[in-house]
Amino acid sequence: MIRVVLADDETLIRSGWSTMLSFHDDIEVAGEAADGRAAVEAGSGADVVLMDIRMPRLDGLTATQELARQSPATRVIVVTTFENDQLVWGALRAGAAGYVLKRAPAEELVDAIRLVHSRDAVLFPDALRRIASPHAGRSKPRVPVELTPRELDVLRHIAYGQNNAEIAATLYVSVETVKTHVRHVLEKLGARDRTQAAVLAYEFGLIFAGAEGRLM
C-alpha cells in the first residue's frame, strides 16, 4: 500500500485527487494539507506527497526541502498548473522526485506515484532533459567526487531515464550488480534518489541536454 498525502490550498483539487486515487487498491490517501507547513507535518512518514508549488505559510519548494531533511524516505511529486521550467528545476534541486501538471490525465498521476515509490527510474526523463538544458555543464565534465568508470556509466544511464533492468541489459551485467552500482553512486553523490543523481549528472556536464539527449 502506497501512503499518499495531498498538499494543495484548494479544497476542490484535494477532493478530486482523493476521489481519483480511491479507485486504486494499492494507494491510500493518508492525509491532506492546505498549506506548506501542514504539508511538512502531514507528509513526514508518508510514502509520497503530492505537493502544490504555490501555497500559503510555506511554499512548495521550501516544504519539499524540509521534508527531504525530516523524512528522507518520503518522495515528493510537485504538482503545478503551469509548466514553469525554473520552478520545476528549483523543486527538483530541492529534493522533489518529479513533477506532473494539474491538467495531466488521472492515470499519469497514478503512474507517477507508483514510479517514484518504486525508485527504479527517473520520472519523465525527456521532460527532465528539456528542463535541465539551461543548467547543464557545457565544458569538460567535472565530477567533484570519485566515481569508478562503471559508476559513471550507471549515472549517465540513470539520467537518461533507464531503470535497473534496462541498464543491466545495456551494460551486460546483472540487475543485482546495477543495484549495487546505483547504491554506491547515490552514496558518493549524497543524492537521496535517482532524480537528484540525474540532476547532478546534468550539472556535472555528463549529459548533453539538447534535443537528442545524447550520452557523453
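As a starting point, this report considers the structure included with it.

Definitions and cut-offs
Residue numbers restart at each chain and count upward from 1, following the sequence in its written direction. With the structure being a predicted model, the display of local features is reserved for residues of pLDDT at least 70 and the display and counting of side-chain atom pairs for 80 or more, all residues being used for whole-chain, interface and lining totals. Only hydrogens and water are set aside; all other atoms, that is, all heavy atoms of the structure, feed into the side-chain values. Cavities and pockets were defined on a 1 Å grid built from protein atoms only: a cavity is a group of points that admits a 1.4 Å probe but offers it no way out, a pocket is an open group of points flanked by protein on both sides within 12 Å along at least five of seven lines, and a lining residue is one with an atom within 4 Å of any such point. Grid points are joined across faces, edges and corners, and a volume is the space filled by probe spheres set on the points. Only Asp, Glu, Lys and Arg are considered charged in this grouping, and only Ala, Val, Leu, Ile, Met, Phe, Trp, Tyr, Cys and Pro are considered nonpolar; every other residue, Gly among them, is considered polar. For helices the rule is a DSSP run of H or I covering at least 4 residues; for strands it is a run of E covering at least 2, with both sets numbered from the N terminus onward. Strands were regarded as paired on the criterion that DSSP finds at least two bridges between them. Helix axes are fitted to C-alpha atoms over the stretch in contact, other axes to C-alpha atoms as well, and angles between N-to-C directions run from 0 to 180 degrees.

Turning our eyes to something else, we now look at empty space enclosed by the protein. Summed over all chains, the structure comprises two cavities of 30 Å³ or more. The space that makes up the largest cavity amounts to roughly 70 Å³. For the lining of the largest cavity, the per-class residue count stands at five nonpolar, one polar and four charged. Taken as a whole, the second largest cavity encloses approximately 60 Å³ of empty space. In terms of lining, the second largest cavity is formed by Leu92, Ala97, Gly98, Tyr99, Val122, Leu123, Phe124, Leu128 and Thr195.

Our next topic: the layout of surface pockets. Considered as a void within the structure, the largest pocket measures approximately 150 Å³ in volume. What lines the largest pocket is simply Arg75, Arg119, Asn164, Lys179, Val182, Arg183, Leu186, Arg192, Asp193 and Arg194. Looking at which element gives the most residues to the lining of the largest pocket, the answer is helix H9 (residues 175-189), with four residues. Its residues assigned to classes, the lining of the largest pocket comprises two nonpolar, one polar and seven charged.

Moving on, we get to the sheet that holds strand E4 (residues 75-80). Pairing within the open sheet is parallel, and its five strands lie in the order E2-E1-E3-E4-E5. Strand pairing shows two members of the sheet lacking a second neighbour, strand E2 (27-33) and strand E5 (98-101), which therefore form its edges. Going from strand to strand, the sheet's axes swing by 25° on average, the running direction of each strand aside. Two strands pair when backbone bridges link them, and strand E1 (residues 2-7) and strand E3 (residues 48-52) are joined in this way by four bridges, in the parallel orientation.

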